[in-house]
Structures are given as C-alpha cells and as structure tokens.
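An overview of the molecular structure
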Amino acid sequence: SWSISAEWFAYLTFPLFAWAALALKDRPLVAVALAVAFLTGLYAAFQSLAGFSLTQATIQWGALRIVPCFALGCALHALWRARPAQNRPAALAGAAISGAVVLAAAAGGAPDALIVIALGALIFFLARMAQAGSEVLGQRPLVYLGEISYSVYMICVPWKIVFVNGASKILQLNDEHLPLWLWLVFLAGVVPLAAASYHLIEKPARDRMKLWADAWSARRPSAARA
C-alpha cells in the first residue's frame, strides 16, 4: 500500500514535475543541480525535524520520500536526452565510478542523501552506456533481473522486515547494526523471492488482465453493431 500510494502521489503531481522539466529543458545541468540541492535540503530538514533519515520513512512518509527522488530522475532524464552519449568507455567509466561511490558511501556510513544521489548517477551512466550502443546490460541474466525488477521492488520491504527481525532475534543482534555478511544474505534472498512472486503472482495476473482486455475489446464491435 505504501508503494502504490507513493507512486500515485507522483502521478498526481506529475504535471508540476513536467512543467519544471520543460522549463529547464534547455538547461539540463541547472535542472540536475537544482534537483540535487532540493534533495539534499529536504533530507537534512527531515532528519532535523523527525530525528531519523527520510530513507527510513518509507512506510510512514512514502509520498514525501518519492518527491526528491522523482525530481532527480526527471532532471537526469532531461540531461540524458539533451546530451546523447557518444563515448562508450566514458559512460562505462562513469558507471564504475558511481558504483564505487555508492559502495564506499554505504560502507562508510555517509549521509543517505549522498547515497541516493550516487545511485541516481549510477542509473544515469548505465543508461548512457545503452545509449552509446553498449550491450553489457543486454545479457540474458540481466534482462531477466529487469523482468522481475518490479517484484523485487514490491517484495524488498516485507522481506527486510521478516529477515531483520528474524536475524536479530536468532543471533541476538541490534537490528540497526547487522554485520555486512548478513546484509549480503538478505540481498541474495531477494532475487529468488522476487522470481517466485513474478512467476506465481505478477505474470499470471498480467496475462489474465490482458485476456480480460482482449475479451472486452472483442465485445465492443458487437455492442456497437447492436
């Protein structure tokens, strides 16, 4: 429910984001700079007022959390469209550097805002790799991970709640400071769970909805003739 409500909030406010993106379409670097400043400021303000990071406010404040990330995504998309990638090695280097920054920031306990910005940069450079003709992300295992990515998104939070609570009780650990190897186990568990969700729930439901849509479309001409 938190996920769908947050997405719906983004859809409802999309005209505002679209207006801002169109207003700055000729100045995409300014758009990115403003989005980064907005994200950094909002994260700092929320931390100061609530006493915990906006990243941890997923369920309680999902609609608020999506705003800075959506703004950053719109700005990065504008930059990606305005300046098509021509240099494949440069895009690969940008992705590698961004990925390294994400890992270093997470391991070093950097502010969440920095990690989110670095993740945005990683996604941007991965998109530039594809734009420049790279087929690295076209490998079959990676394409499959893309297919189940929405199930990953939907299953991640409930799996985290179950895993962290279970690990903390079994191993008598503080759930805020689980060792790195446990987080790796958590990440490894997300993929098979998401695959099961995709094949047992998401894909059958999608196929059934397509059948309903086809049946509804087939009945419309008959109704029109009647």
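All of the points below concern the structure found in this document. Per chain, residues are indexed from 1 in the order of the written sequence. Local features in this predicted model are restricted to residues whose pLDDT is 70 or higher, and side-chain atom pairs enter the listing and the counts only when it is 80 or higher, whereas totals over whole chains, interfaces and linings include all residues. Hydrogens and water molecules were not included; the side-chain quantities draw on all heavy atoms of the structure.

**What to know about the overall build of the protein**
As a reminder of what qualifies: Here a helix means four or more residues in a row that DSSP labels H or I, a strand means two or more in a row labelled E, and each is numbered from the N terminus. Summary of the burial criterion: residues with accessible area below 20% of their type's maximum are buried, those above 50% are exposed, and those between are partly exposed, where the area comes from a 1.4 Å probe applied to protein chains only. Note on contacts: a residue pair qualifies if any of its non-hydrogen atoms lie within 4.5 Å across the two residues. In this description, accessible areas are obtained by the Shrake-Rupley approach with a 1.4 Å probe, and a residue is regarded as covered only by the protein chains that are shown.
Assigned secondary structure in the protein consists of nine helices and zero strands. Going from N to C terminus, the protein has its helices and strands arranged as α-α-α-α-α-α-α-α-α. Reported as C-alpha extents along the three principal axes, the dimensions of the protein are approximately 70 × 50 × 40 Å. Residues classed as buried in the protein amount to 29% of the 226 residues present. Residue pairs at least 24 apart in sequence account for 70% of intrachain contacts in the protein once pairs closer than 6 positions are excluded. As displayed, the protein offers around 14700 Å² of accessible surface, 70% of which is attributable to carbon and sulfur atoms.

**Some remarks on the packing of aromatic side chains**
Inclusion rule: Pairing of aromatic rings covers Phe, Tyr and Trp, the last counted by its six-membered ring, and requires centre-to-centre distances within 6.5 Å; plane angles under 30 degrees mean stacked, over 60 mean edge-to-face, and any other angle means tilted.
As enumerated under the stated definition, the model contains ten aromatic pairs in all. Where Trp8 meets Tyr11, the ring centres are 6.2 Å apart and the plane angle is 85 degrees; that geometry is what we call edge-to-face. Within this pair, Trp8 and its partner Tyr11 are both found in helix H1 (residues 2-12), separated by three residues, close to a single helical turn. By the burial criterion, Trp8 is exposed, and Tyr11 matches it. Aromatic pair Phe163 and Phe186: ring centres 5.7 Å apart, planes at 50 degrees, arrangement tilted. Of this pair, Phe163 sits in helix H8 (residues 149-171) while Phe186 sits in helix H9 (residues 180-225); the two residues are 23 residues apart in sequence, bridging distant segments of the chain. In this pair, the class of Phe163 matches that of Phe186, namely buried. Chaining the aromatic ring pairs together yields one cluster made of Trp159, Phe163, Trp183 and Phe186.

**Re a nonpolar patch on the surface**
Note the threshold: Each patch groups residues whose relative accessible area exceeds 30% and which form no salt bridge, using 9 Å between like charges and 5 Å between nonpolar side chains of Val, Leu, Ile, Met, Phe, Trp and Tyr. For this document, the term salt bridge refers to a Lys or Arg side-chain nitrogen within 4 Å of an Asp or Glu carboxyl oxygen.
On the surface, a cluster of nonpolar side chains totalling about 450 Å² of accessible area is made up of Val136, Leu137, Leu142, Tyr144, Leu145 and Val191. Broken down by element, the residue count for the nonpolar patch peaks at three residues, all from helix H7 (residues 140-147). Its place among the elements puts Tyr144 in helix H7.

**A few points about the nonpolar core**
Our working rule: Side-chain atoms within 4.5 Å are what join buried Ala, Val, Leu, Ile, Met, Phe, Trp, Tyr and Cys residues into a set we call a nonpolar core.
The biggest cluster of nonpolar side chains holds 17 residues, and the ones touching the most others in it are Val32, Leu39, Tyr43, Leu54, Leu72, Ala75 and Leu76. At the level of secondary structure, the elements contributing two or more residues to this core comprise helix H3 (28-50), helix H4 (62-82) and helix H6 (112-131). If we ignore the near neighbours within four places in the chain, the residues touching Ala75 are Ala31, Val32 and Ala35.

**Thoughts on H3**
Operational definition: To estimate the expected span of a helix, count its residues, drop one, and scale the result by 1.5 Å.
Across its 23 residues, H3 extends 32 Å between first and last C-alpha, which sits within 8% of the 33 Å expected from 1.5 Å per residue. Inspection of H3 places Pro28, Ala31, Val32, Ala35, Leu39, Leu42, Tyr43 and Phe46 among the buried residues, and these make up the whole buried set. Where H3 is buried, its residues meet H4 and H6. Looking one or two places after H3, you find Gly51, whose phi comes out positive at around 85 degrees.

**Overview of the side chain of Glu7**
To keep it simple, the criterion reads: We count Lys and Arg on the positive side and Asp and Glu on the negative side, and we leave His and both chain ends out. In protein, a polar contact requires one atom able to donate a hydrogen and another able to accept it; more generally it is a pair of N or O atoms within 3.5 Å, and residues adjacent in sequence count only if both atoms are side-chain atoms.
Here Glu7 is to be found in helix H1. Buried charge without a partner: Glu7 forms no salt bridge, and the closest opposite charge is Arg65, 12 Å away. Within the structure, the side chain of Glu7 is placed 3.1 Å from the side chain of Tyr150, a separation counted as a polar contact. Those residues in contact with Glu7 that lie beyond four places of it in its chain are Ile66, Tyr150 and Tyr153.

**Here's the deal with the pattern of salt bridges**
Inspection of every chain in the model, using the stated rule, returns two salt bridges. Residues Arg206 and Glu202 are paired through a salt bridge, measuring 2.7 Å at the closest nitrogen-oxygen approach. Highlighted residues: Arg206 and Glu202, both in helix H9, separated by four residues, approximately one helical turn. A salt bridge links Lys203 to Asp207, with the nearest nitrogen and oxygen atoms 3.2 Å apart. Separated by four residues within a single helix, Lys203 and Asp207 lie in helix H9, roughly one turn from each other.

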